[in-house]
Amino acid sequence: MWLLLTAAATALMVGARVASDTDQATIAESLRSVAENRELFGLTALARLASGVTLLVAGWYMLKAGASNGHGANAAAAYLLMVSGVLTVISGAAATVIALHPSLDTGVEAPATAEAAYHVRWVMGKAGFSVAGIALVFAAFAQWSSGSIVRYVAPVSAVLGLAMQFIWWDAATVVHRAVGMLFLVWLVVVGAALIRGALDARASNHDDASAASG
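Residues numbered from 1 in each chain as written. Predicted model: local features only at pLDDT ≥ 70, side-chain atom pairs only at ≥ 80, totals over all residues. Heavy atoms only, no water.

> Even after reading the chapter, I still don't get the overall build of the protein, so can you show me in this structure?
Helix and strand counts for the protein come out as seven helices and zero strands. Counting helices and strands in the order they occur from the N terminus, the protein gives α-α-α-α-α-α-α. Across the 214 residues of the protein, 42% fall into the buried class. Looking at the protein alone, contacts between residues at least 24 apart form 71% of all its contacts between residues at least 6 apart. (Helix = DSSP H or I, 4+ residues; strand = E, 2+ residues; numbered from the N terminus. Buried < 20%, exposed > 50% of the residue type's maximum accessible area, 1.4 Å probe, protein only. Contact = heavy atoms within 4.5 Å.)

> Explanation requested: the nonpolar core in the structure shown.
As a rule of thumb, nonpolar side chains are buried together in soluble globular proteins. Core analysis: the largest hydrophobic core is formed by 29 residues, its most contacted members being M164, F183, W186 and L187. When residues of this core are traced back to their parent elements, those giving at least two are helix 1 (2-20), helix 3 (38-69), helix 4 (72-100), helix 5 (112-144), helix 6 (154-163) and helix 7 (173-213). Counting 11 residues, the second largest nonpolar core, distinct from the first, contains L31, V34, F41 and A45. (Core = buried A, V, L, I, M, F, W, Y, C linked by side-chain atoms within 4.5 Å.)

> Just checking my understanding: could you explain the environment of P155 for this structure?
Examined against the element boundaries, P155 turns out to sit in helix 6. Separated by 18 residues in sequence, P155 and V137 have C-alpha atoms that sit 9.0 Å apart.

> Please clarify how unusual backbone geometry should be interpreted in this entry.
Glycine aside, negative phi is the norm for most residues, and most peptide bonds take the trans geometry. Despite not being glycine, D21 has its phi angle at roughly 55°, a positive value. Positionally, D21 belongs in the loop between helix 1 and helix 2 (27-36). The partly exposed category is assigned to D21, whose relative accessible area is 48%.

> Would you take a moment to explain the packing of aromatic side chains for this structure?
By convention here, two paired aromatic rings are described through the distance between centres and the angle between planes. With the rule as written, the count across this model stands at five aromatic pairs. Look at W60 and Y61: their rings are 5.0 Å apart centre to centre, the planes differ by 75°, and that puts the pair in the edge-to-face class. Accessibility expressed as a relative area gives 41% for W60, which makes it partly exposed. A residue is classified by how much of its surface remains accessible, and Y61, at 39% relative accessible area, is partly exposed. (Phe/Tyr/Trp six-rings, centres within 6.5 Å; stacked < 30°, edge-to-face > 60°.)

What follows is the structure, given as structure tokens:
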């Protein structure tokens with residue numbers, strides 16, 4: 001469920017970010033655009049915070065599952081997702097500082113604190129996405145050995161996780177967008193598969209309990 005919530009928050013963040021049009025060529029231009037579109041940029045900041053929190057919780061639940069099945073790769077992926085969530089929360093907090101900065105004005109030089117927050121948002125956002133990609137690579141090993149329907153997602157997880165490292169290459173804009181969309185799909189597919197697996201396990205346990213009591 002938490003991966004699905006992460007997907008929803010991320011989709012909202014991306015949609016509001018595109019609508020706010022605050023990604024300009026320079027920091028000064030970007031901050032002026034933020035001043036003109038505070039509401040939409042503020043929505044982006046809140047959605048970024050939410051996606052980080054939900055990813056952190058999703059990693060925690062995956063860690064519990066990893067402890068129960070004893071798969072080291074699954075535990076590593078869970079820890080990395082939690083780290084990604086923390087980095088994303090920091091990025092969202094920095095974006096919130098920008099959105100709420102009282103001195104941000106289109107007619108004056110951008111405040112130093114807003115510029116510093118912009119750099120933190122940029123670095124932490126990319127780092128969070130990159131770490132999530134590494135988590136996908138580890139998740140691929142656990143998925144492949146799971147023996148369940150999630151196994152068929154393993155090759156996609158590995159390739160997607162590696163492709164997510166291109167986030168640090170600014171020239172690969174088209175790749176960023178495609179990979180970002182695929183990551184959203186991954187969150188939905190894996191999240192739905194985990195929910196189905198949990199429901200199947202609960203149903204199986206219920207049947208076993210009923211058989212034992214009967």
